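Read off the chains here:
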Amino acid sequence: MGLPTEHDMEEETVLRVKGASSATALASAISHGVYDGKKVVLRAIGAAAVNQAVKAVAIAQSYVGARGLTLSMRPGFTDVALPDIKNPGEMVDVTAMVFRVFTNER
């Protein structure tokens with residue numbers, strides 16, 4: 001891999017997804033990020049959050065499709081440090097699922 005190009009240095013938007021997140025509201029945020037030329041990343045911890053993230057990308061496709069765009073996503077994992085509920089003041093590492101959203105323009 002070479003040095004990052006200006007295209008690779010676009011602003012990244014990380015959307016944290018919860019199981020209670022509204023898929024339509026998340027889809028709207030994804031669409032606006034795509035329209036603004038940002039790299040959109042969804043971060044989900046837990047099965048319900050992953051479900052909402054996948055539904056949101058499907059809904060976002062219906063929003064951006066009218067503009068001739070096609071969305072795709074690449075799943076992956078990352079470690080996230082969160083406050084430990086049992087031991088206040090300490091952190092615990094958890095693995096989160098991440099989805100990088102791409103358009104047919106990139």
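What counts as what
Residues numbered from 1 in each chain as written. Predicted model: local features only at pLDDT ≥ 70, side-chain atom pairs only at ≥ 80, totals over all residues. Heavy atoms only, no water. Helix = DSSP H or I, 4+ residues; strand = E, 2+ residues; numbered from the N terminus. Expected span 1.5 Å × (residues − 1). Buried < 20%, exposed > 50% of the residue type's maximum accessible area, 1.4 Å probe, protein only. Arc of directions from axis to C-beta. Contact = heavy atoms within 4.5 Å. Salt bridge = Lys/Arg side-chain N within 4 Å of Asp/Glu carboxyl O.

Taking 1.5 Å of rise per residue, the 18 residues of helix α2 (residues 47–64) would be expected to cover 26 Å, and the 26 Å separating its terminal C-alpha atoms lies within 8% of that figure. Along α2, the residues classified as buried are Ala49, Gln52, Ala53, Ala56, Val57, Ala60 and Val64. All buried residues of α2 fall inside an arc of 140° around its axis, so they share one side. Away from its buried face, by an angle of more than 90 degrees, α2 presents the exposed residues Ala47, Ala58 and Ser62. Next to the buried residues of α2 lie β1 (12–17), α1 (23–35), β2 (39–44), β3 (71–83) and β4 (91–103).

Our next topic: the environment of alanine 60. Relative to the helices and strands, alanine 60 is located in helix α2. For the pair alanine 60 and threonine 70, spaced 10 residues apart in the sequence, the C-alpha separation amounts to 9.7 Å. If sequence neighbours within four positions are ignored, alanine 60 has contacts with Ala27, Ile30, Ser31 and Leu71.

Note that side chains of opposite charge can pair when their charged atoms are close. Tallied over the full model, the rule gives two salt bridges. Measuring nitrogen to oxygen at the nearest pair gives 3.0 Å for the salt bridge that ties glutamate 12 to arginine 100. Residue glutamate 12 is located in strand β1, and its partner arginine 100 is located in strand β4; the two are separated by 88 residues in the primary sequence. Exposure remark for glutamate 12: the relative accessible area of 40% places this residue in the partly exposed category.

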